[in-house]
Amino acid sequence: MRSEEPPRARTHGPAEPNKPNGPVESAGASEPVDPDVTPSDVRRRRKPWRSRHGTPVAVAVVAVGGSLGALARFGASLLWPTPAGAFPWTTLTVNAAGCLAIGVLLVAVTEVFTAHPLLRPFLGTGFLGGFTTFSTYCVDIERLVAADRAGTALGYLVATVAAATAAVAVGARGTRRLLAHRSPS
């Protein structure tokens, strides 16, 4: 039987209780702090799923960004079509490029500048979420297996996960290095 530990307090500013930037109750010490939300916002909220701009606005921003990202992905598939049964280079490239952009974006909006609260939902969740296409990735694997190309499907499965993970890391690290060279020492 496990003993339940009480939630630990995390601070996001001065460690003074009942002050705007005092402790914030969280499920664990490793839980990340969202830079778009202040502790006082969390305490004031009755419904934590609502954004500062309201759910309808946030959903609309994600929908518009997602539509534009999906159109960009569709454009890539028209410019570089994948023949039936062939290795889906277009989907792999789109997913890797989108993940690279996600790495750059998240470092930029969380570590470099204070972005508008709807920028991350528009670009990250919306545009880049619509641009990267892990549902098509699954369909591509299914089609390769159906075409008796299970080895190619397995290679594609591994290559996409590896490329996407590496692209996020390269985007984040590259952005940090670029900014470290640009900042005055």
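Our subject is the structure that appears above.
Model, not experiment: these values are computed from the prediction. (Residues numbered from 1 in each chain as written. Predicted model: local features only at pLDDT ≥ 70, side-chain atom pairs only at ≥ 80, totals over all residues. Heavy atoms only, no water.)

S.K.: Break down unusual backbone geometry for me, with residues and values.
M.R.: Leave glycine aside and you will find that most residues have negative phi; peptide bonds, for their part, are mostly trans. Non-glycine residue aspartate 148 carries a positive phi angle of around 60 degrees. Relative to the assigned elements, aspartate 148 resides in the loop between helix H5 (134-146) and helix H6 (150-182). Note on aspartate 148: relative accessible area 73%, which makes it exposed. (Helix = DSSP H or I, 4+ residues; strand = E, 2+ residues; numbered from the N terminus. Buried < 20%, exposed > 50% of the residue type's maximum accessible area, 1.4 Å probe, protein only.)

S.K.: Tell me about the nonpolar core, and please be specific about residues and values.
M.R.: Core analysis: the biggest nonpolar cluster contains seven residues, these being Phe87, Leu92, Tyr137, Ile141, Leu144, Ala153 and Tyr156. Of the residues forming this core, the biggest block, three residues, is contributed by H5. If sequence neighbours within four positions are ignored, leucine 144 has contacts with Gly85, Ala86, Pro88, Arg149, Ala150, Thr152, Ala153 and Tyr156. (Core = buried A, V, L, I, M, F, W, Y, C linked by side-chain atoms within 4.5 Å. Contact = heavy atoms within 4.5 Å.)

S.K.: Can you lay out the packing of helix H3 (residues 89-112) against H6 for me, pointing to particular residues and giving the numbers?
M.R.: Where H3 meets H6, the axes come as close as 7 Å, and the angle between the chain directions of the two elements is 30 degrees. Considered as vectors, H3 and H6 are oriented roughly parallel to each other. Once H3 is placed against H6, the crossing between them reads as right-handed. For the contact of H3 with H6, the per-class residue count stands at 16 nonpolar, six polar and two charged. (Axes fitted to C-alpha atoms, helices over the stretch in contact; angles between N-to-C directions. Parallel < 35°, antiparallel > 145°, perpendicular 65-115°, else oblique. Left-handed = near helix turned anticlockwise from the far one by under 90°. Nonpolar A, V, L, I, M, F, W, Y, C, P; charged D, E, K, R; others polar.)

S.K.: Summarise H6; cite the residues concerned and give the values.
M.R.: Counted at 1.5 Å a residue, the expected span for H6 with its 33 residues is 48 Å, and the 47 Å between its end C-alpha atoms agrees. For H6, the full list of buried residues reads Thr152, Ala153, Tyr156, Thr160, Ala164, Ala167, Gly171, Ala172 and Thr175. The secondary structure elements touched by the buried residues of H6 are H3 and H5. (Expected span 1.5 Å × (residues − 1).)

S.K.: Please set out the environment of threonine 165 residue by residue, giving values where relevant.
M.R.: Looking at where threonine 165 falls in the secondary structure, it is placed in helix H6. With a relative accessible area of 51%, threonine 165 lands in the exposed category. For the pair formed by threonine 165 and cysteine 99, sequence separation is 66 residues and the distance between their alpha carbons is 7.5 Å.

S.K.: I'd love a proper account of a nonpolar patch on the surface, names of residues and values included.
M.R.: On the surface, Val64, Leu68 and Leu71 cluster together to form a nonpolar patch covering roughly 280 Å² of accessible area. Structurally, leucine 71 can be placed in helix H2 (residues 55-79). Judged by its relative accessible area of 57%, leucine 71 is exposed. (Patch = residues over 30% accessible without salt bridge, like charges linked within 9 Å, V, L, I, M, F, W, Y side chains within 5 Å. Areas by Shrake-Rupley, 256 points an atom, 1.4 Å probe, with all protein chains shown as cover. Salt bridge = Lys/Arg side-chain N within 4 Å of Asp/Glu carboxyl O.)

Any functional reading would require information that these geometric values do not contain.
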